[in-house]
Amino acid sequence: MDNRDYARVLSEIADLMQIKGANRFRIRAFENAARAIETLELPLESVIDDGDLTTIKGIGEGIAAQIYQIRDQGTCDQHRELIDELDAGLLDLLKIQGLGPKRIKTIYQELDITDLQALEQAAEAGRISALSGFGAKTEEKILTEIARLKEGGGRVPLPRAKAVAQSLRRQLLGVDGVQSIEIAGSVRRGRETVGDLDLLVATDDPDPVHAALRELTEVAEVLASGQSKTSVRLHNGIQVDLRAVEPPIFGSALHYFTGSKEHHVALRTRAKRQGLKISEYGVFREGQSEPIASGTEEELYAALGLAYIPPELRRGGDEIDLAAEDNLPQLIDAGDVRGDLHMHTTETDGKASITEMAQAARERGYQFVAITDHSQAVTVANGMNADRFAAQIEEIRRLDADIDGIRIFAGIEVDILKEGDLDMDHQLLAQCDWVVASVHSHFNLSKQAMTDRLIKAVETGLISCLGHPTGRILGGRGGYEYDFDAVVDCAVEYGVALELNGSTGRLDLNGELAARAHHRGARFVLGSDAHSTRGLEAICFAVQQARRAALPREAILNCLDADAFPAAVTRPAAH
Ligand code: DGT
Ligand code: CA
Ligand code: CA
Ligand code: ZN
């Protein structure tokens, strides 16, 4: 389990306590503990192994005891008792954006509602807007949010799914007889939400690895288990399919279980015309039982007369034709990224100093970073006013001169205010090296007003990049409405790049929208939006969305050398 799993259980306890009407200091204690774990730099389990959890600020004896239970059982007494007393369905209500525990408490107490369906019926019947403190607008919002939750159908955001899959993989790698394990399915393809996890194991002796999966503490329920496949559901609700295959067919099995189904269908149709058959056991000539390829995916594609198709492109579109002509786009990988252009420090809501962030970036092999703290409109993040930003620019200049082996560019994530104005002194924006402009408020403007707002910001000529351009929260809030193509066209005209924000809650732009913007001539920037040194790792998700969009290196500013970067960024002088 990772830190988020622990934090989730603790914050659910806090929320359920609030619904129940518990002592507010006890609620606060669980909230603080959840927060402390979420922002912890280390895996919580390494702290558990090293001894004393109470050394973590915000975690006392009582909560530490609950945490040990969560480690062993995936849940704890407090959580179980609250669910028994209240109702597990309330946890679904808590997933509704904009409905905190306080309002759910009212709904629960006044109307005795404990699940989504009952809430939906009540909202449709107008019984929610009749409650004091609720209006017609809230009621409407509840209905759209429920519709969206249903549509999401329990799919898990990619970053979370991947973290869970990697943790399972690590734990199973050491099991007797296991030669290798790969994460397959939609996670490998980088799909932004994931239905279930698929693990593929190469082994001559499958029993131990099936047993090991069944016995992991994360597992809540074994759904099926046999020689070739085990399916389980974890305490966090995620379902996992593990398949064990013999090492000689690992490549073809990995290909099969990576999907997508659409890619397979198109591939089979093509193979059939060539008198070939594909299955999880390999590529076969019609009527023969020995495969002509099975060990690796590369061999499999070669046997079909195709160039290797990376998982991110396997969608059943034009990738097979392109591979046949050897015309596949060249995809970037993590090694092409020379710098990160979105990160926060202790000056605002980050956990590490400018120097710590730069050092961590240098360790990752980067040539440059841009520091992009918030402007003052983001009060919850302690955003900077002009004086603080001016001082920070100076400090960055000093630190940049001092540090070896990496360039530190002075940047900012400036808020785009409601009317499209930038939340910072224009002189200072013109002085710094890199301006990410983002929307963090007033998400509900009309489509026209939001389009005008973004275009106005671009037309200032002061911004280098639009940050997290749709504003959606993965598995949460949808993006704000605006004319995407019109804003992209304006950005292209002004040389303003579009961000692929890799932070785990966003993936914004995603692969689909990035591809659309690419066709309109846009340039891109990958950003981790890190709030800690560990947060820099999120760049991998931006890279993966760029791969899904098949963006060429030349369209991505992070792939430039540090020397070439400043000249490539559109600055006020250009307009
Ligand atoms: P998900 O889990 O909904 O995010 O998407 P996937 O692609 O991971 O789908 P999943 O878990 O049902 O299956 C994993 C892969 O296994 C899938 O991408 C292709 C392969 N596969 C599974 N069942 C079938 C099937 O009935 N037909 C074909 N052609 N492939 C299948
Ligand atoms: Ca899957
Ligand atoms: Ca599956
Ligand atoms: Zn932001």
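Residues numbered from 1 in each chain as written. Chains lettered and ligands numbered in written order. Predicted model: local features only at pLDDT ≥ 70, side-chain atom pairs only at ≥ 80, totals over all residues. Heavy atoms only, no water.

**Examining the pattern of salt bridges**
Here is step 1: What the rule picks out here adds up to 23 salt bridges.
Here is step 2: Notably, a salt bridge pairs Glu 85 with Lys 20, separated by 3.5 Å at the nearest N-O pair. Here Glu 85 is found in helix 5 (residues 77–85), whereas its partner Lys 20 is found in helix 1 (residues 3–20), with 65 residues between them in sequence.
Here is step 3: Given the relative accessible area of 49%, Glu 85 is considered partly exposed.
Here is step 4: The exposure class of Lys 20 is partly exposed, given its relative accessible area of 39%.
Here is step 5: A salt bridge links Asp 421 to Lys 456; the shortest N-O distance between them is 3.2 Å. Pair noted here: Asp 421 is in the loop between strand 12 (407–415) and helix 19 (426–431) and Lys 456 is in helix 20 (residues 447–459), with a separation of 35 residues, a long-range link.
Here is step 6: Look at Asp 421 and you get partly exposed, because its relative accessible area is 37%.
Here is step 7: For Lys 456, a relative accessible area of 38% corresponds to the partly exposed category.
Here is step 8: Bridged by salt links that share partners, the residues Asp 485, Asp 489, Arg 516 and Arg 520 form one connected network. (Salt bridge = Lys/Arg side-chain N within 4 Å of Asp/Glu carboxyl O. Helix = DSSP H or I, 4+ residues; strand = E, 2+ residues; numbered from the N terminus. Buried < 20%, exposed > 50% of the residue type's maximum accessible area, 1.4 Å probe, protein only.)

**Considering the domain arrangement of the protein**
Here is step 1: Segmenting the protein into domains produces domain 1 (3–152), domain 2 (156–245), domain 3 (261–324) and domain 4 (334–574).
Here is step 2: In this structure, domain 1 and domain 4 have C-alpha centres spaced 32 Å apart.
Here is step 3: Taken together, the contacts link 9 residues of domain 1 with 8 residues of domain 4.
Here is step 4: Around 610 Å² of area is buried between domain 1 and domain 4 when both sides are counted, 37% of it from carbon and sulfur atoms.
Here is step 5: In terms of surface lost to domain 4, no three residues of domain 1 exceed Glu 41, Gln 97 and Arg 148, which account for 65% of the buried area on that side.
Here is step 6: Here domain 1 and domain 4 share 0 salt bridges between them.
Here is step 7: Scanning the region where domain 1 abuts domain 4 turns up 0 residue pairs in polar contact (both at pLDDT 80 or more).
Here is step 8: Residue classes in the side of domain 1 that touches domain 4 are distributed as 3 nonpolar, 3 polar and 3 charged. (Domains from an automatic or database assignment. Contact = heavy atoms within 4.5 Å. Buried area = accessible area lost by both parts, 1.4 Å probe. Polar contact = N/O pair within 3.5 Å; in protein donor to acceptor, adjacent residues only side chain to side chain. Nonpolar A, V, L, I, M, F, W, Y, C, P; charged D, E, K, R; others polar.)

**Observations concerning the coordination of the calcium ion (ligand 3)**
Six octahedral donors around a metal ideally subtend angles of 90 or 180 degrees, whereas four tetrahedral donors ideally subtend 109.5 degrees.
Here is step 1: Bound to the calcium ion (ligand 3) on the protein side are Asp 196 (OD), Asp 196 (OD), Asp 198 (OD) and Asp 241 (OD), at distances that span 2.3 to 2.6 Å.
Here is step 2: Here the donor residues of the calcium ion (ligand 3) share one chain and are spaced in sequence as D-x1-D-x42-D.
Here is step 3: Taken as a pair, the calcium ion (ligand 3) and the calcium ion (ligand 2) lie 3.6 Å from each other and share Asp 196 as a ligand. One end of the pair, Asp 196, is in the loop between strand 3 (193–194) and strand 4 (197–203); the other, Asp 241, is in strand 7 (residues 239–245), and 45 residues separate them in sequence. (Donors = N, O, S within 2.8 Å, 3.2 Å for Na, K, Ca; no water.)

**Considerations on helix 21 (residues 484–494)**
Here is step 1: Every buried residue of helix 21 is listed here: Phe 484, Asp 485, Val 487, Val 488, Cys 490, Ala 491 and Tyr 494.
Here is step 2: Check the buried side of helix 21 and you find it contacts helix 20, strand 14 (465–466), strand 15 (497–501) and helix 22 (511–519).
Here is step 3: One or two residues past the end of helix 21 sits Gly 495, with phi positive at roughly 70°.

**Thoughts on the coordination of the zinc ion (ligand 4)**
Here is step 1: Protein ligation of the zinc ion (ligand 4) involves Glu 413 (OE), His 440 (NE2) and His 468 (NE2), the donor distances falling in the range 2.0 to 2.2 Å.
Here is step 2: Donor residues for the zinc ion (ligand 4) sit on one chain with the sequence pattern E-x26-H-x27-H. In this pair, Glu 413 sits in strand 12 while His 468 sits in the loop between strand 14 and helix 21, placing the two residues 55 residues apart along the sequence. In this pair, the class of Glu 413 matches that of His 468, namely buried.

**Looking at the sheet that holds strand 13 (residues 434–438)**
Here is step 1: An order of 10-11-12-13-14-15-16 is seen for the 7 strands of this open sheet, with the pairing classed as parallel. Each having just a single partner strand, strand 10 (339–340) and strand 16 (524–527) make up the two edges of the open sheet.
Here is step 2: Note that strand 15 and strand 16 share 4 bridges and pair parallel. Within the sheet, the bridge partner assigned to Leu 498 lies in strand 16 and is Phe 524.
Here is step 3: Across the sheet, helix 23 (residues 539–548) is in contact with strand 10, strand 15 and strand 16; its angle to strand 16 comes to roughly 150°. (Pairing = 2+ DSSP bridges. Axes fitted to C-alpha atoms, helices over the stretch in contact; angles between N-to-C directions.)

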